[in-house]
Amino acid sequence: MIGNPAYPTYQAFLALGIAAIITAALMPLWIRLLKFEGIGQQVRADGPSRHLVKQGTPTMGGVVILIGILGACLLVGRPTFQMLLALGVTFATGALGLFDDISSVAHGRSLGLTPRAKMVGLTLIVVVFFTLAVNFCGVRPVIGFPGGFEIDLGVLTTTVMVGQTSIQLPWLYLIFVFLLLAGMSNAVNLTDGLDGLAGGTSMMAMLIMAAVCFLSNDANLAVFCAAAAGGCIGFLWFNAYPASIFMGDTGSLALGAGFAAVGILTNAEFVSLVVGGLFIIEALSVMIQVLSFKATGKRVFLMAPIHHHFEKLGWVETKVVIRFWIVSAAFGALGLALFFQG
């Protein structure tokens, strides 16, 4: 382990720098390999016409982001169960996203896995993560709010004996964890529609969660979050407009799941929902659009997710991205302020 554990903020900044350097150093090689193999992004046919020029741009940049995160965590962090669990859920969803990306490229379409197949995979990941988090990481099935108000989701709990080990299964909390982790994973995936949008907003969200982990006295989870932010920084060098590579579902699903996992492991679920407010808005815009069209035949937005709505209004891509970064930063500041209130 590099660095002195007595200085956790130093450890976190070191992890951020190492992850950024690893990601930035490996990304050009990965881009060349993808171009040589002819692996590129499949642009959705109903998307903005200006995005057609992105057809064929290398994708699956999330693979290198994950390598950067893992390298930084191994070099700087201490392999506690919480960190390993956060890494595990991040890499498991990243593997699911990789399979989705490969399927999309192989079939020459932008859809990849079917929603049902993706949801089955996410469900399995959530159940394993939830069981380990509650029974071996001390996660309480309670949702805390600013001011000390709490909602106990452990009222319907089943105890299962596995050998000599007692396994607690609070069912209401399982439902909540599924909605948070699977929902946030898909929300970041929906946000990944413009050059630099998902990478920049995920970086900000992970930096705020690193502060939450530090204030919760979990330096190793702070290292994980900082490493994730660093991976996003290294990726953004190549994903800034005009992007040389996209993160793909490999990166977006993984970052969303890792972000939610940290919120759960620190019992800061409500704070993570506020910090990830932009991701939630992106997901809600899609849900509202679909429900409105099915119910009335009319669309609320010119196009969903909502970042495309602003493109349709005439905003240039960089303007949308920078303003969404500002919104994400505001949500992050609000979330951190609420954490202090709690």
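Please read these numbers as outputs of a predicted model, since none were measured by experiment.

Attention now moves to the pairing of strand 4 (residues 165-170). As paired elements, strand 3 (residues 157-162) and strand 4 share six bridges and run antiparallel to each other. Bridge pairing in strand 4 places Thr157 opposite Pro170. Between strand 3 and strand 4, which pair antiparallel one after the other, the connecting turn spans two residues, and Gly163 there sits at a positive phi close to 65°.

Counting along an α-helix, one turn takes 3.6 residues, and residues three or four places apart therefore face a common direction. Between its terminal C-alpha atoms helix 8 (residues 248-265) stretches 26 Å, which fits the 26 Å expected from 18 residues at 1.5 Å a residue. In terms of burial, helix 8 is largely enclosed, as 18 of its 18 residues are buried. Note on helix 8: the residue one or two positions beyond its end, Asn267, has a positive phi of about 55°.

Within this structure, the stated rule accounts for three salt bridges. Between Asp100 and Lys118 there is a salt bridge; the shortest N-O distance is 3.3 Å. Of the two residues, Asp100 sits in helix 3 (residues 81-107) while Lys118 sits in helix 4 (residues 115-136), which places them 18 residues apart along the sequence. With respect to burial, Asp100 and Lys118 carry one shared label: buried. In this structure, Glu150 and Arg140 form a salt bridge, with 3.5 Å as the shortest nitrogen-oxygen distance. Residue Glu150 is located in strand 2 (residues 150-152), and its partner Arg140 is located in the loop between helix 4 and strand 1 (142-144); the two are separated by ten residues in the primary sequence. One network of salt bridges, with partners in common, ties together Asp100, Lys118 and Asp249.

Turning next to the confidence of the model for the chain. Should the pLDDT be low somewhere, the predicted coordinates at that spot are not to be read in detail. For the chain, the mean per-residue pLDDT works out to 92, and 92% of the residues sit at or above 70. When pLDDT is averaged over each element of the chain, helix 9 (residues 269-275) comes out on top at 98 and strand 3 at the bottom at 89.

In this structure the tally under the stated criterion is nine aromatic pairs. With 6.2 Å between their ring centres and 20° between their planes, Tyr173 and Phe176 make a pair best called stacked. Residue Tyr173 and its partner Phe176 are both found in helix 5 (residues 171-191); the two are separated by three residues, about one turn of the helix. Taken individually, Tyr173 and Phe176 each receive the classification buried, so the pair is uniform in this respect. One aromatic cluster in this structure is built from Phe130, Tyr173 and Phe176. Above the face of the Trp315 ring, Lys319 is positioned so that its terminal group lies 5.2 Å from the ring centre. The positively charged end of Arg323 is found above the aromatic ring belonging to Trp315, 4.8 Å away from the centroid.

Turning our attention to the packing of helix 6 (residues 197-215) against helix 8. The contact between helix 6 and helix 8 brings their axes to 10 Å, and the two run at 20°. As far as their axial angle goes, helix 8 and helix 6 are roughly parallel. As helix 6 runs across helix 8, the sense of the crossing is left-handed. Facing Ser202, Ala205, Met206, Met209 and Cys213 of helix 6, the residues of helix 8 in contact are Leu255, Gly258, Phe259, Val262 and Gly263. Grouping the constituent residues of the contact of helix 6 with helix 8 by class yields seven nonpolar, three polar and no charged.

In this fold, Thr250 is placed in helix 8. On the basis of relative accessible area, Thr250 is assigned to the buried category, the value being 1%. Here the side chain of Thr250 touches Asp101 through a polar contact of 2.6 Å, side chain to side chain.

Each value, and the rule that gives it
Residues numbered from 1 in each chain as written. Predicted model: local features only at pLDDT ≥ 70, side-chain atom pairs only at ≥ 80, totals over all residues. Heavy atoms only, no water. Pairing = 2+ DSSP bridges. Helix = DSSP H or I, 4+ residues; strand = E, 2+ residues; numbered from the N terminus. Expected span 1.5 Å × (residues − 1). Buried < 20%, exposed > 50% of the residue type's maximum accessible area, 1.4 Å probe, protein only. Salt bridge = Lys/Arg side-chain N within 4 Å of Asp/Glu carboxyl O. pLDDT = per-residue confidence, 0-100. Phe/Tyr/Trp six-rings, centres within 6.5 Å; stacked < 30°, edge-to-face > 60°. Lys NZ or Arg CZ within 6 Å of the ring centre and 35° of its normal. Axes fitted to C-alpha atoms, helices over the stretch in contact; angles between N-to-C directions. Parallel < 35°, antiparallel > 145°, perpendicular 65-115°, else oblique. Left-handed = near helix turned anticlockwise from the far one by under 90°. Contact = heavy atoms within 4.5 Å. Nonpolar A, V, L, I, M, F, W, Y, C, P; charged D, E, K, R; others polar. Polar contact = N/O pair within 3.5 Å; in protein donor to acceptor, adjacent residues only side chain to side chain.

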